[in-house]
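Listed below, chain by chain, are the residues.
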Amino acid sequence: MASATKPGLRPANPQFSSGPCAKRPGWSLDALAGAYLGRSHRAAGPKARLAEVITRSKAILGMPEGWRLGIVPASDTGAVEMALWSLLGPRGVDVLAWESFSKDWGTDVVKQLKLPAARVIAAPYGQLPDLASVDAARDVVFVWNGTTSGVRLSDADWIAPGRQGLAICDATSAAFAMDLPWDRLDVVTWSWQKVLGGEAAHGMLALSPRAVERLESHKPAWPMPKIFRMTKDGKLNEGIFRGETINTPSMLAVEDALDGLRWAERIGGLPALIARSEANLAAIAGWVGRTPWVDFLAEVPATRSCTSICLKIVAPWFTALDAEAQAKVAKSLAALLEKEGVALDAANYRDAPPGLRIWGGATVETSDIEALLPWIDWAFTQVEADRQKAAA
C-alpha cells in the first residue's frame with residue numbers, strides 16, 4: 001500500500017492529455033511571432049509556410065519518393081474520411097477495429113457508405129483482431145496505434161507486399177513516435193495535435209502512387225462534398241499536395257506546426273522522437289511491474305503503445321465492483337490527480353474500460369512521467385480508503 005503522505009516532487013508540466021497534447025519543452029507564445037496573421041493563405045508567404053509543413057514532415061518521417069502529402073480539413077478525422085469516401089468501392093474492404101476510432105471507421109464503411117462487401121474484424125479493448133484473416137485482395141482500413149486502447153501494431157508483416165487492395169492507415173497517435181513501414185502502406189493520416197503537440201483542426205493525408213492511381217481511375221458512386229474532392233477531370237489535384245489547401249487554414253496553427261517540426265529536427269529527428277516516447281513507456285512499465293493494483297490495458301507487451309498509454313485497475317476489490325461503480329472509482333482517481341495539479345486530462349477515453357490514460361508522446365518529458373507515478377499511487381490510496389469508508 002502506498003503512503004498516505006503526498007509525494008514531494010510534482011511534474012513540472014502536468015499536461016498528459018492524449019489530444020491536444022503537451023507543447024514541446026520550452027514552448028511559449030513567442031514561437032508564433034512569425035505567423036502570417038490577417039493574410040490570405042493563397043499569398044506567397046503563407047503558401048510557402050504551408051508547403052514547408054509538407055516538406056519538413058515528409059523529410060522527418062522518411063516518406064518515400066513519389067508519395068504525396070497534403071494538409072486537409074477537420075484534423076485526422078477529416079483526413080481518414082476523405083480517404084474512405086474517395087478511395088473505397090472498387091474492392092471489398094476489411095476494417096480492423098479494436099478501439100473507439102477504428103470502430104468509427106467501421107461505422108463509416110458499413111452504415112454510411114453502405115459498402116456491400118465490407119467486413120469489420122473486431123477485437124475487445126486490450127487486444128488486436130485476427131490480422132491473419134485480412135484478405136490481400138481487399139482494401140483494409142486500420143489504426144496503427146489505438147489512441148483509446150493503448151494497443152499498437154508491432155509490425156506490418158500481415159500486410160502482403162504484393163497486395164491488390166489498398167492499406168489505409170490512421171496513424172494519428174503513431175506518426176512521429178513510431179516507425180511506419182511505408183512499403184506496406186498506401187494511405188497514412190495524422191493530425192498536428194498529437195506527438196508534436198500542435199494545435200487541432202488540421203489533418204495530414206499521405207498517398208502512395210498506388211493510392212493516386214486508385215483516385216484517378218475510380219469515380220465514387222456517391223456525391224462528394226467539396227472538402228473531400230482530391231481530383232478534377234479524373235486527375236489528382238496536385239495543388240492540395242503543394243500547400244494549396246481546400247479550405248482556409250489557420251496560419252497561427254500552421255506556425256505552431258512548423259515550430260514543432262523544427263524542434264523535432266533540432267533534437268535529432270525521428271529517431272530522437274521515438275526514443276523519447278519509448279523512454280516514457282519504459283518508465284511507466286517499470287512502475288507497473290512493481291505495482292500490484294495496476295496493469296496495462298494492452299495484454300501483449302509488444303503491443304503496448306508508447307504514446308496513448310492506457311492503464312487498468314486490477315485490485316481485487318475494484319474488479320469485484322459492477323461496471324458503474326468501477327467507472328466512478330476511475331473518475332475519482334483522475335479527478336483527484338487533476339485537483340492536485342499533477343495530471344490533467346488523464347482519465348480513460350469515455351468509451352474505454354475504466355482506468356487512466358497517460359500520454360507519453362515525444363513532447364512529454366520522462367522526468368514528468370517519473371514525478372507523476374508516486375502521485376498516482378498516492379491518489380489510488382486515497383480513493384481506496386474512501387471506498388472502504390463508504391462500504392463500512
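All of these numbers come straight from a predicted model, not from anything done at the bench.

The antiparallel open sheet is built from 3 strands, whose spatial order is S10-S11-S12. The strands lining the two open edges of the sheet, one partner per strand, are strand S10 (294–296) and strand S12 (355–359). For this sheet the average axis-to-axis angle between neighbouring strands, irrespective of direction, equals 30 degrees. Summarising the sheet, strand S11 (residues 308–313) and S12 pair through 5 bridges and their orientation is antiparallel.

Geometry of an aromatic ring pair is reported as the spacing of the ring centres plus the angle between the planes. Scanning all chains against the criterion turns up 10 aromatic pairs. A network of ring pairs unites the aromatic residues Trp 287, Trp 293, Trp 317, Phe 318 and Phe 380 as a single cluster. In this structure, Lys 23 packs its charged tip against the face of Trp 27, placed 4.9 Å from the ring centre.

Bringing a positive patch on the surface into the picture now. Together, Arg 42, Lys 47, Lys 226 and Arg 229 give the surface a local cluster of positive charge. With respect to the secondary-structure elements, Lys 47 resides in helix H1 (residues 44–61). For Lys 47, a relative accessible area of 30% corresponds to the partly exposed category.

Time to look at the side chain of Thr 189. Looking at the secondary structure, you find Thr 189 in strand S6 (residues 187–191). Setting aside its immediate chain neighbours within four residues, Thr 189 contacts Asp 76, Ala 79, Val 80, Cys 169, Asp 170, Ala 171, Thr 172, Met 204 and Leu 205.

What counts, and where the lines are drawn
- Residues numbered from 1 in each chain as written.
- Predicted model: local features only at pLDDT ≥ 70, side-chain atom pairs only at ≥ 80, totals over all residues.
- Heavy atoms only, no water.
- Pairing = 2+ DSSP bridges.
- Helix = DSSP H or I, 4+ residues; strand = E, 2+ residues; numbered from the N terminus.
- Axes fitted to C-alpha atoms, helices over the stretch in contact; angles between N-to-C directions.
- Phe/Tyr/Trp six-rings, centres within 6.5 Å; stacked < 30°, edge-to-face > 60°.
- Lys NZ or Arg CZ within 6 Å of the ring centre and 35° of its normal.
- Patch = residues over 30% accessible without salt bridge, like charges linked within 9 Å, V, L, I, M, F, W, Y side chains within 5 Å.
- Areas by Shrake-Rupley, 256 points an atom, 1.4 Å probe, with all protein chains shown as cover.
- Salt bridge = Lys/Arg side-chain N within 4 Å of Asp/Glu carboxyl O.
- Lys, Arg positive; Asp, Glu negative; His and termini not counted.
- Charge placed at Lys NZ, Arg CZ, Asp CG, Glu CD.
- Buried < 20%, exposed > 50% of the residue type's maximum accessible area, 1.4 Å probe, protein only.
- Contact = heavy atoms within 4.5 Å.

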